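# Survey of secondary and tertiary structure
These are the residues of each chain, in order.
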Protein chains: 2
Amino acid sequence: MLLEKSIYDFLEELGSKSPAPGGGSVAALSGANGAHLISMVCNLTLGKKKYVEYESEVSGILEKAKKLGNQLAELVQRDTDVFLSVRDAFTLPNDSMDERIEKQEAIEEALKDATLVPFSVMELSLEGLNLCDEAIGKTNTNAISDLGSAAANFEASLKSAYLNVLINLKELSDKNFVSEYGMRSAELLKISEEAYDRIYKQVLIGIQ
Amino acid sequence: MLLEKSIYDFLEELGSKSPAPGGGSVAALSGANGAHLISMVCNLTLGKKKYVEYESEVSGILEKAKKLGNQLAELVQRDTDVFLSVRDAFTLPNDSMDERIEKQEAIEEALKDATLVPFSVMELSLEGLNLCDEAIGKTNTNAISDLGSAAANFEASLKSAYLNVLINLKELSDKNFVSEYGMRSAELLKISEEAYDRIYKQVLIGIQ
């Protein structure tokens, strides 16, 4: 399991000839890093007198960030799994007509899974950006750069995951699925870019 | 050592009340992920007939990406170390005039180190973006989304590291140092944004 590997070993495996883990798993990892940075910022805020008026709100953000961090971390492994399923489907036999139909269906199914995982990463990382938005102004100002880092990681996660959505959609035959997830993922990316720009500017102002 | 921790344990420690590792170490990790993604793309290209004309160029990119990946991975630990040195400097005694002077000098020195580490992360991640640029069109097109993910990770690395440069510069007294690294880091960020936009657009075109 990827999450049990040391960072050193994960990086080695990432750089190797094996195509998985690749950009999709890294997209989920960027999101997980972002969510855990929000948790840290909340933990550096709770219990401090200066922020007592935001105590319950920050507790709420912490709970959401923890859940998000776990969900995104799970998708690091999941993205590699669905990639391997696609590869396996391509190795199915296709000697008879029945086998050819079965193989096509298996490929189509695996590609849909391989699209839905990075799509989920995008949805979760957009939630992460919204949490950054909520946290600014209510959390420890000494850690405001960490909120900015969290936002940068969510944005990288969305941008990477989007490419993984597109590359899988390209191979799919189901036109409705392709059209639906093409539109929805482009929309998530657009919303995220606006949110990220706003958050990063607020962080820059907060630092000065 | 952070690189020896499992990803799971790293994320746990990142989310904890302890301020290190924080956004600075994550910035270096994003860059390391980016560099290792380039290595993977090169490894998926070398030896393939279709790309034989780029063989020596891609070998060169692979060597640079490997070196970059190692340098950035080392800075994951280094950023946490320099953060802790700043914290230690703030706990030095300041009862006598001599002690106060010594403490001020120690803080100043530690803050400079804590600025130079994320500044190095920025320089290295910009090198990474340039490697993505070189690799596009010469590497396995099946892995083009991974080059885009690499670029997204370098950009997140630069954006995060920049915030860490700024937050340390803010506390420094040496006006020349503050002015020099303020300007140089802003310049790196600007160059990177242009490079990243160009690369990401090329990747989108390459996927379609």
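Our subject is the structure listed above.
Residues numbered from 1 in each chain as written. Chains lettered and ligands numbered in written order. Predicted model: local features only at pLDDT ≥ 70, side-chain atom pairs only at ≥ 80, totals over all residues. Heavy atoms only, no water.

### Details of the relation of the copies chain B and chain A
By a simple turn and slide, chain B fits onto chain A: the slide is 0.0 Å along the axis, the RMSD is 0.0 Å, and the turn is 180 degrees. As the rotation angle and translation indicate, the two copies are arranged about a two-fold axis. Closest approach to the rotation axis among the C-alpha atoms of chain B is made by Ser6 of chain B, whose C-alpha sits 1.9 Å away. Interface overlap between copies: 100% of the residues of chain B at the interface are likewise at the interface in chain A, consistent with a symmetric, same-surface contact. (Least-squares fit on C-alpha atoms with pLDDT ≥ 70 in both. Contact = heavy atoms within 4.5 Å.)

### Things to note about the pattern of salt bridges
Taken as a whole and judged by the stated rule, the model has 21 salt bridges over all chains. Across the salt bridge formed by Glu155 of chain B and Lys159 of chain B, the nearest N and O atoms sit 3.3 Å from each other. Of this pair, Glu155 of chain B and Lys159 of chain B both sit in helix α5 (residues 144–169), four residues apart, which is roughly one turn of the helix. The exposure class of Lys159 of chain B is buried, given its relative accessible area of 10%. What you see here is one network of salt bridges that share partners, running through Glu123, Glu180 and Arg184 of chain A. (Salt bridge = Lys/Arg side-chain N within 4 Å of Asp/Glu carboxyl O. Helix = DSSP H or I, 4+ residues; strand = E, 2+ residues; numbered from the N terminus. Buried < 20%, exposed > 50% of the residue type's maximum accessible area, 1.4 Å probe, protein only.)

### Let's talk about the environment of Arg87 of chain B
Summarising the element assignment, Arg87 of chain B is placed in helix α3 (residues 55–90). Arg87 of chain B sits 24 residues away from Leu111 of chain B along the chain, and the two C-alpha atoms are 9.6 Å apart.

### What to know about unusual backbone geometry
With the exception of glycine, the majority of residues adopt a negative phi angle, and the majority of peptide bonds are in the trans configuration. In this structure, the amide linkage connecting Ala20 of chain A to the following residue, Pro21 of chain A, adopts the cis form with an omega of 0 degrees. The topology assignment puts Pro21 of chain A in the loop between α1 (7–15) and α2 (23–43).

### Considerations on the packing of α1 of chain A against helix α2 (residues 23–43) of chain B
At a closest axis distance of 7 Å, the pairing of α1 of chain A and α2 of chain B adopts a crossing angle of 30 degrees. On the side of α1 of chain A, the interface is formed by Ile7, Phe10, Leu11, Glu12, Leu14 and Gly15 of chain A, while α2 of chain B contributes Leu29, Ala32, Asn33, His36, Leu37, Ser39, Met40 and Asn43 of chain B. Grouping the constituent residues of the contact of α1 of chain A with α2 of chain B by class yields eight nonpolar, five polar and one charged. (Axes fitted to C-alpha atoms, helices over the stretch in contact; angles between N-to-C directions. Nonpolar A, V, L, I, M, F, W, Y, C, P; charged D, E, K, R; others polar.)

### A closer look at the interface of chain B and chain A
Tallying the contact residues gives 55 residues for chain B and 57 residues for chain A. Between chain B and chain A the total buried area reaches about 4500 Å² when both faces are included, carbon and sulfur atoms providing 65% of it. Taken together, chain B and chain A are joined by zero salt bridges. Inspection of the chain B/chain A interface yields 20 residue pairs in polar contact (both at pLDDT 80 or more). (Buried area = accessible area lost by both parts, 1.4 Å probe. Polar contact = N/O pair within 3.5 Å; in protein donor to acceptor, adjacent residues only side chain to side chain.)

### Here we look at the packing of α2 of chain B against α3 of chain B
Residue and element names in this part refer to chain B. α3 packs onto α2 with a crossing angle of 160 degrees between their chain directions and a minimal axis gap of 8 Å. One element, α2, and the other, α3, form an angle in the roughly antiparallel class. Crossing geometry of α2 relative to α3 is assigned as left-handed. Looking at the contact of α2 with α3, its residues break down into 15 nonpolar, eight polar and two charged. (Parallel < 35°, antiparallel > 145°, perpendicular 65-115°, else oblique. Left-handed = near helix turned anticlockwise from the far one by under 90°.)

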